[in-house]
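Each chain, letter by letter, is given below.
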Amino acid sequence: MPDSNFAERSEEQVSGAKVIAQALKTQDVEYIFGIVGIPVTEIAIAAQQLGIKYIGMRNEQAACYAASAIGYLTSRPGVCLVVSGPGLIHALGGMANANMNCWPLLVIGGSSERNQETMGAFQEFPQVEACRLYTKFSARPSSIEAIPFVIEKAVRSSIYGRPGACYVDIPADFVNLQVNVNSIKYMERCMSPPISMAETSAVCTAASVIRNAKQPLLIIGKGAAYAHAEESIKKLVEQYKLPFLPTPMGKGVVPDNHPYCVGAARSRALQFADVIVLFGARLNWILHFGLPPRYQPDVKFIQVDICAEELGNNVKPTVTLLGNIHAVTKQLLEELDKTPWQYPPESKWWKTLREKMKSNEAASKELASKKSLPMNYYTVFYHIQEQLPRDCFVVSEGANTMDIGRTVLQNYLPRHRLDAGTFGTMGVGLGFAIAAAVVAKDRSPGQWIICVEGDSAFGFSGMEVETICRYNLPIILLVVNNNGIYQGFDTDTWKEMLKFQDATAVVPPMCLLPNSHYEQVMTAFGGKGYFVQTPEELQKSLRQSLADTTKPSLINVMIEPQATRKAQAEHHVKAAKA
């Protein structure tokens, strides 16, 4: 007699939506961000039923930024779930940003039904082809049975080698189509990326170059943060007394207040170093391409990177160390340990750097101490820094807001600063803050996310304030409001301009409406809002926001509309910061 239970099991059906959800769960996906609709709603529901957290956003672009930040913070890709056509197109910005930042990301997009292709189906678009330009891997499963294989490959591709974005296309008819449960074979969780190490001879050469340097400098990039290399790099810094400079998202790998951090003398350090070791930092626009006049013509670069194609970009390095940054740094430590040595802490180079740091810090403090109103950037940031919790995440975007904030707001922990990044993308702030908040709630309860936005940058994704309130996330938004993009005008000047002409003819393109009450966006959804114009009001509102853990806050900080950063020495430096 046949086993009746076996017969029942063999006839059990499962939907495509549930197969997708189970495949994601098997690959250790924890978070999905997106906007549901035809044809992906059932995927989100199935994922929640398996314990995957779904965060519904207000715009696919912000959802994609959030999912990409999950990849950076956890080393496993977050998922962005979008509908077909326009939904996917809105997510392309997040995919491009993830690829440029080298962050793992998986985008799952619904698409039109297969039997309607080329007929003008609802939201029909060549999605797989379009995504190839923005991803490492873009594919559509040939059947529901193939879904686990394709999702495993997408997750693996997103984290192996240089991390990046991957796309999986799901036809609408797959979502509710039922197949026999026994026909589905789930792939095991893909292994973590293999740890690669540099060639021994290259490590020996690099150690020799470092030992012989007269004016050495370590540059710590976000690749070092992603590689969790903080322990080995901190040991290298401290054991050999080496000055280091973090890139914006490399801040916190070694704490910003470390005595060997020369962030306050950035320009001087770059310009006169004779040996520079790059730990997961690229010689792109952020580091002025490694070229004169920002660097010495004969400076020796030692590049440590996971990606072979990055080695030698723009400048021929003296030594290349291809491999996992944490593993390679440990190799360097072992080689340097063979012969006792340290860089002299009282050298002329250290004296030069410390003098420049002291003068730059004094100039910043002078600006911060100005009592005139409206406030300037430095006054605002120094008052914020005074109250920042040591373990908070700092998310920042804007032009002067982000750049000045990087120099004043301190990071003490790795992977605790998120900003516009390699692509210089505005609009990332609220998505990044939401991602950091959901990770913090799960892994480090009690940590605050401090999101510092320019007023222009806030406008890109301001409606995500509703998302923040809906999930009651531990986020404090500070909108540094100068009434414009780069600069704006005060209310009196604005009224004067509009006396006799239409705004479209006379208002400069960079201007926004003066004294906009962005804090009311937060109060509209049940959070706390503050409109502040003085240092005392700023201090009080931030203190109250940090004390009340029950609600998110938005502090709208009015500053001088024409306020700028302190003067820069070279024109091209100004251009790079714009």
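Scroll up to find the structure.
Model, not experiment: these values are computed from the prediction.

Enquirer: Break down the packing of helix α11 (residues 230-240) against helix α13 (residues 325-337) for me, with residues and values.
Expert: Packing of α11 against α13 leaves a shortest axis separation of 9 Å and a crossing angle of 30 degrees. Here α11 lies roughly parallel to α13, going by the angle between them. Of the two possible hands of crossing, α11 and α13 adopt the one that is left-handed. Facing α11, whose interface residues are S232, I233, K235, L236, Q239 and Y240, α13 presents I325, H326, T329, K330, L333, L336 and D337.

Enquirer: Pulling in residues and values, what's your account of the side chain of E464?
Expert: With respect to the helices, strands and loops of the structure, E464 is situated in helix α19 (residues 464-470). For the buried E464, which has no salt bridge, the nearest side chain bearing the opposite charge is R470, at an N-O separation of 5.7 Å. Here R58 takes part through its backbone nitrogen, which lies 3.0 Å from a polar atom of the side chain of E464. When near neighbours in sequence (up to four residues on either side) are disregarded, E464 contacts M57, R58, N59, A62, L430 and I434.

Enquirer: Pulling in residues and values, what's your account of helix α16 (residues 400-408)?
Expert: An α-helix turns once every 3.6 residues. As a result, residues three or four positions apart point the same way. Counting buried residues along α16, eight of its nine residues qualify, which places the element largely inside the surrounding structure. Taken together, the buried positions of α16 are occupied by N400, T401, M402, D403, I404, G405, R406 and V408.

Enquirer: Can you break down the sheet that holds strand β12 (residues 300-305) residue by residue, with the values?
Expert: Across the sheet, five strands lie side by side as β10-β9-β11-β12-β13; this open sheet has parallel pairing. Edge positions in the open sheet fall to β10 (244-246) and β13 (319-322), since each of these has one partner strand only. Across the sheet, the mean angle separating the axes of adjacent strands is 15 degrees when strand polarity is ignored. Where strand β9 (residues 216-220) lies against strand β11 (residues 275-279), five bridges are found, and the strand directions are parallel. Bridging across to β11, I220 finds its partner in F279. Contacting β11, β12 and β13, helix α9 (residues 200-211) runs over the sheet at an angle of about 130 degrees to β13.

Enquirer: Break down the nonpolar core for me, with residues and values.
Expert: With 153 residues, the main nonpolar core has F33 and L321 as its most contacted residues. Of all hydrophobic cores here, the second largest spans 28 residues; its members include A368, M375, V452 and I476.

Enquirer: Explain the pairing of strand β5 (residues 105-111) to me, and be specific about the residues and the numbers.
Expert: Across the seven residues of β5, seven count as buried, placing the element largely inside the fold. Side chains of β5 alternate between two faces, with L105, V107, G109 and S111 and L106, I108 and G110 buried alike. Two strands pair when backbone bridges link them, and strand β4 (residues 78-82) and β5 are joined in this way by five bridges, in the parallel orientation. Residue pairing in the sheet places V79 in a bridge with L106 of β5. Crossover β4 to β5 through helix α5 (residues 86-101) is right-handed. Summarising the sheet, β5 and strand β7 (residues 165-171) pair through seven bridges and their orientation is parallel. Paired with L105 across the bridge in β7 is A165.

Enquirer: Tell me about α5, and please be specific about residues and values.
Expert: Between its first and last C-alpha, α5 extends 24 Å over 16 residues, near the 22 Å set by a 1.5 Å rise per residue. For α5, the principal kink sits at L92 and spans about 35 degrees. Turning to α5, its buried residues number three or more, namely G87, L88, A91, L92, G94, M95, A96, N97, A98 and N101. Positioned one or two residues after α5, C102 has a phi angle of 65 degrees, which is positive.

Enquirer: Account for the packing of aromatic side chains, with residues named and values stated.
Expert: A ring pair, where both rings are aromatic, is described by two values, the distance of the centres and the angle of the planes. Taken as a whole, this structure holds seven aromatic pairs when the rule is applied. A centroid spacing of 4.7 Å and a plane angle of 15 degrees characterise the contact between Y72 and W103, whose relative ring orientation is stacked. Of this pair, Y72 sits in helix α4 (residues 60-74) while W103 sits in the loop between α5 and β5, and the two are 31 residues apart along the sequence. According to the relative accessible area criterion, Y72 is buried, its value standing at 0%. Relative to Y518, the ring of F458 lies with its centre 5.5 Å away and its plane at 70 degrees, an arrangement referred to as edge-to-face. Of the two residues, F458 is situated in helix α18 (residues 455-460) and Y518 in the loop between α21 (503-506) and α22 (519-524); the sequence distance between them amounts to 60 residues. Classification of F458 as buried rests on a relative accessible area of 3%. The buried category is assigned to Y518, whose relative accessible area is 16%. The rings of Y65, Y72, W103 and F432 are connected pair by pair, giving a single aromatic cluster. Seen from the ring of Y412, R390 lies directly overhead, with NZ or CZ sitting 4.1 Å from the centre.

What counts and what doesn't
Residues numbered from 1 in each chain as written. Predicted model: local features only at pLDDT ≥ 70, side-chain atom pairs only at ≥ 80, totals over all residues. Heavy atoms only, no water. Axes fitted to C-alpha atoms, helices over the stretch in contact; angles between N-to-C directions. Helix = DSSP H or I, 4+ residues; strand = E, 2+ residues; numbered from the N terminus. Parallel < 35°, antiparallel > 145°, perpendicular 65-115°, else oblique. Left-handed = near helix turned anticlockwise from the far one by under 90°. Contact = heavy atoms within 4.5 Å. Buried < 20%, exposed > 50% of the residue type's maximum accessible area, 1.4 Å probe, protein only. Lys, Arg positive; Asp, Glu negative; His and termini not counted. Salt bridge = Lys/Arg side-chain N within 4 Å of Asp/Glu carboxyl O. Polar contact = N/O pair within 3.5 Å; in protein donor to acceptor, adjacent residues only side chain to side chain. Pairing = 2+ DSSP bridges. Core = buried A, V, L, I, M, F, W, Y, C linked by side-chain atoms within 4.5 Å. Right-handed = clockwise from strand over helix to strand, strands pointing away. Expected span 1.5 Å × (residues − 1). Bend = angle between axes of the 7 residues up to and from the residue. Phe/Tyr/Trp six-rings, centres within 6.5 Å; stacked < 30°, edge-to-face > 60°. Lys NZ or Arg CZ within 6 Å of the ring centre and 35° of its normal.

All quantities given are derived from atomic positions and should not be read as evidence of function.
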